[in-house]
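# Geometric and topological summary
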Amino acid sequence: MTGALNDLTFDNRFTRELPADPDTSNTRRQVQGALYSRVHPTPVADPQVLAIADEVAADLGLDPSVVDDPQFAQVMAGNEVLDAMDPFAMVYGGHQFGNWAGQLGDGRAIALGEVLTEDGGHRTLQLKGPGPTPYSRTADGRAVLRSSVREFLCSEAMHHLGVPTTRALSLVTTGDQVVRDMFYDGNPAPETGAIVCRVAPSFVRFGNFQLPASRGDNDTLQKLVDFTIRNDFPELGAPTEGQIPLDVLAAWFTEVARRTAVMIIDWMRFGFVHGVMNTDNLSILGLTIDYGPYGWLEDFDPGWTPNTTDATNRRYRYGNQPQIAYWNLGQLANAIHPIMEPLATDPEKNAAALLTEGMDMYAQTFETGWNDAMAAKLGLRELSGDADQELSADLLSLLTRAETDMTVFYRKLADVSAETEASLSDQDLVAPILDAFYEGPEVRYPLTDEIRADWVAWLRRWAVRVRADGRSDADRKIRMDAVNPKFVLRNYLAQLAIDAADKDDPSVLHDLLDTLRRPFDEQPDREDFAAKRPDWARVRPGCSMLSCSS
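All values reported here derive from a predicted model rather than from experimental measurement. (Residues numbered from 1 in each chain as written. Predicted model: local features only at pLDDT ≥ 70, side-chain atom pairs only at ≥ 80, totals over all residues. Heavy atoms only, no water.)

Once that is clear, we can look at the overall build of the protein. Scanning the protein for helices and strands turns up 16 helices and 11 strands. Against the 2.2 N^0.38 benchmark of 24 Å for 550 residues, the protein shows a C-alpha radius of gyration of 24 Å, consistent with a compact globule. For the protein, with 550 residues in total, the buried portion stands at 59%. Long-range contacts, defined here as pairs at least 24 residues apart, represent 73% of the contacts in the protein between residues at least 6 apart. For the protein, the exposed area adds up to about 20,900 Å²; of that, 50% sits on carbon and sulfur atoms. Where the 51 positive side-chain charges of the protein centre and where its 82 negative ones centre are 3 Å apart. (Helix = DSSP H or I, 4+ residues; strand = E, 2+ residues; numbered from the N terminus. Rg over C-alpha atoms; globule rule 2.2 N^0.38 Å. Buried < 20%, exposed > 50% of the residue type's maximum accessible area, 1.4 Å probe, protein only. Contact = heavy atoms within 4.5 Å. Areas by Shrake-Rupley, 256 points an atom, 1.4 Å probe, with all protein chains shown as cover. Lys, Arg positive; Asp, Glu negative; His and termini not counted. Charge placed at Lys NZ, Arg CZ, Asp CG, Glu CD.)

What follows is the structure, encoded as structure tokens:
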């Protein structure tokens, strides 16, 4: 472990091997025939480190004590660029809410460079909110504290849940005020500025391939495809030089589809809603990327989206995420088809057929993975046969009939006794899960006697099925607690951390980060972080819905 920033080894292969924008002026423009523009962050007034993720620092080869070095804040805020860095902003396009948006790009993100880790891996350090780039369009390239706290915390929360994700090294306040219209309702206000240093093997997303394809620039597209396969998918065995064969290109798309399905399964099993699944927000590595107006299901509602921009059509609602990922993969397939088709010599294995196989891989992976995830959440060895599928489907329907906290429900289900079910009264059987239901005058769908009776009936069916697996209650609980978290980054908890941090008190942020490092463990001193959403958070901004505003 090197310990200090200046000891990091940078291997900036993205800027070394791929075509750059020849114009180095930081002016808004259309960029042709290039995949990035070199651009430096704009300095800020008074950077202060608010938080650091020790595990990410260690992965980079940094000692967490680096946070105490004044240089760290300067670099993580963009005020100082190390000699070995080569800052750049990527250009890409994308479909936003189903419509082609043309050129987009890193409008408020600048990659500092790529760090070479001790095991030979690469980690791109990217600042979010360091000022304008050629792709900022009419924006200022800055970010505010509320969105930065949310991104920092959720990146790490998702990682510790086991969800593929970008990471967050640091959170720095800038000492500057940034004006934002939080809900696009004509009420802009100054907010505390902040910058997150995001970390990932690559920040390339579907939209990076879509933009050159949309322009018929197959040369630039081919360079990006070759670079991505050779550097980020070495297991596919692509030749180090020359033309990458069609079978490798097809295997690459299939692997992207598989990884995307795995990620979406994780989102769904934990109740995470991304909120803005545009094609420029889907990672080519199958990582959760761009934490904007995301949210966690409080009461289980497949129709819920946290994004105010999507409030009418709800395209990116929780229950639609698997279908949207499939649609987005279709757009990626359209983008790479032109460079695959000329290589196809077998009429039955043309590019379209091979890409269809990749799409099929997504569907198959998701179906199998979702069944496995549901079986594990229910404490079953597997879902087998129509009866099991009906048991699972009936549960998901039942969860919507009364306002039921998804996280609390699955955690408490492990406490229901299947061994003694037959001898338990209805009241005693249902008692362990009652804490999962919301109560009070604000509840839209209360737990009625009729719904309670349906829960009792479902629990008895479930208990019979669990007993058929032959697991003891104690063994089953251990297994269920290992997949059903007690702690997730509830929307209101993130807001509490934001509120405190905005008053120069990072303690809630630090406590929450520490709790989320062990989401599956019982942490008796952190019970407050496992509580259901309080009534005050039901409609409060930041706790219910958010905009894409930074």
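Below, the discussion takes up the pattern of salt bridges. This model, assessed by the stated rule, comprises 51 salt bridges. The residue Asp-454 makes a salt bridge to Arg-401 at a minimum N-O spacing of 2.6 Å. On the criterion of sequence distance, the pair formed by Asp-454 in helix H13 (residues 449–469) and Arg-401 in helix H10 (residues 385–401) is long-range, its members being 53 residues apart. Note on Arg-401: relative accessible area 31%, which makes it partly exposed. Among the salt bridges present, the one from Asp-514 reaches Arg-526, with a minimum N-O distance of 3.4 Å. With Asp-514 in helix H16 (residues 507–516) and Arg-526 in the segment after H16, this residue pair connects regions lying 12 residues apart in the sequence. According to the relative accessible area criterion, Asp-514 is partly exposed, its value standing at 30%. According to the relative accessible area criterion, Arg-526 is buried, its value standing at 16%. Taken together, the salt bridges that share partners define one network made up of Arg-411, Asp-415, Lys-477, Asp-481, Lys-486, Glu-522 and Glu-527. (Salt bridge = Lys/Arg side-chain N within 4 Å of Asp/Glu carboxyl O.)

Each regular strand displays side chains that alternate between the two surfaces of the sheet. Among the 14 residues in strand E8 (residues 167–180), 10 count as buried, and that is most of the element. As paired elements, strand E2 (residues 48–52) and E8 share four bridges and run antiparallel to each other. Bridge pairing in E8 links Ile-52 to Ser-170. Pairing geometry for E8 and strand E9 (residues 189–200), over 10 bridges, is antiparallel. By the bridge assignment for E9, Val-178 is matched with Glu-191. (Pairing = 2+ DSSP bridges.)

All of the buried residues along H16 are Leu-509, Leu-512, Leu-513, Thr-515 and Leu-516. Along the long axis of H16, the arc covered by the buried residues comes to 160°, so they all point the same way. Each element contacted by the buried residues of H16 is listed here: E2, helix H4 (145–161), E8 and helix H15 (491–501). (Arc of directions from axis to C-beta.)

Turning our eyes to something else, we now look at empty space enclosed by the protein. Regions of empty space are outlined by a rolling probe, equal in size to a water molecule, passed over the atoms. Inspection of every chain in the model, using the stated rule, returns four cavities of 30 Å³ or more. Reported here for the largest cavity is a volume of approximately 130 Å³. Lining the largest cavity are 15 residues, with Phe-14, Phe-88, Thr-124, Ser-202 and Phe-203 sitting closest to its centre. (1 Å grid on protein atoms, 1.4 Å probe; cavity = no way out; pocket = protein on both sides within 12 Å on 5 of 7 lines; lining within 4 Å. Points joined across faces, edges and corners; volume = space filled by probe spheres on them.)

Okay, the packing of helix H7 (residues 246–270) against helix H8 (residues 321–340) next. Two elements in contact, H7 and H8, have axes whose closest approach is 10 Å; the angle formed by their N-to-C orientations is 165°. In terms of orientation, H7 lies roughly antiparallel with respect to H8. Regarding H7 and H8, the two cross each other, and that crossing is right-handed. Judged by residue contacts, Leu-246, Leu-249, Ala-250, Trp-252, Phe-253, Val-256, Ala-257, Thr-260, Ile-264, Trp-267 and Met-268 of H7 engage Gln-321, Pro-322, Ala-325, Leu-329, Leu-332, Ala-333, Ile-336, Ile-339 and Met-340 from H8. Here the residues of the contact of H7 with H8 sort into 18 nonpolar, two polar and no charged. (Axes fitted to C-alpha atoms, helices over the stretch in contact; angles between N-to-C directions. Parallel < 35°, antiparallel > 145°, perpendicular 65-115°, else oblique. Left-handed = near helix turned anticlockwise from the far one by under 90°. Nonpolar A, V, L, I, M, F, W, Y, C, P; charged D, E, K, R; others polar.)

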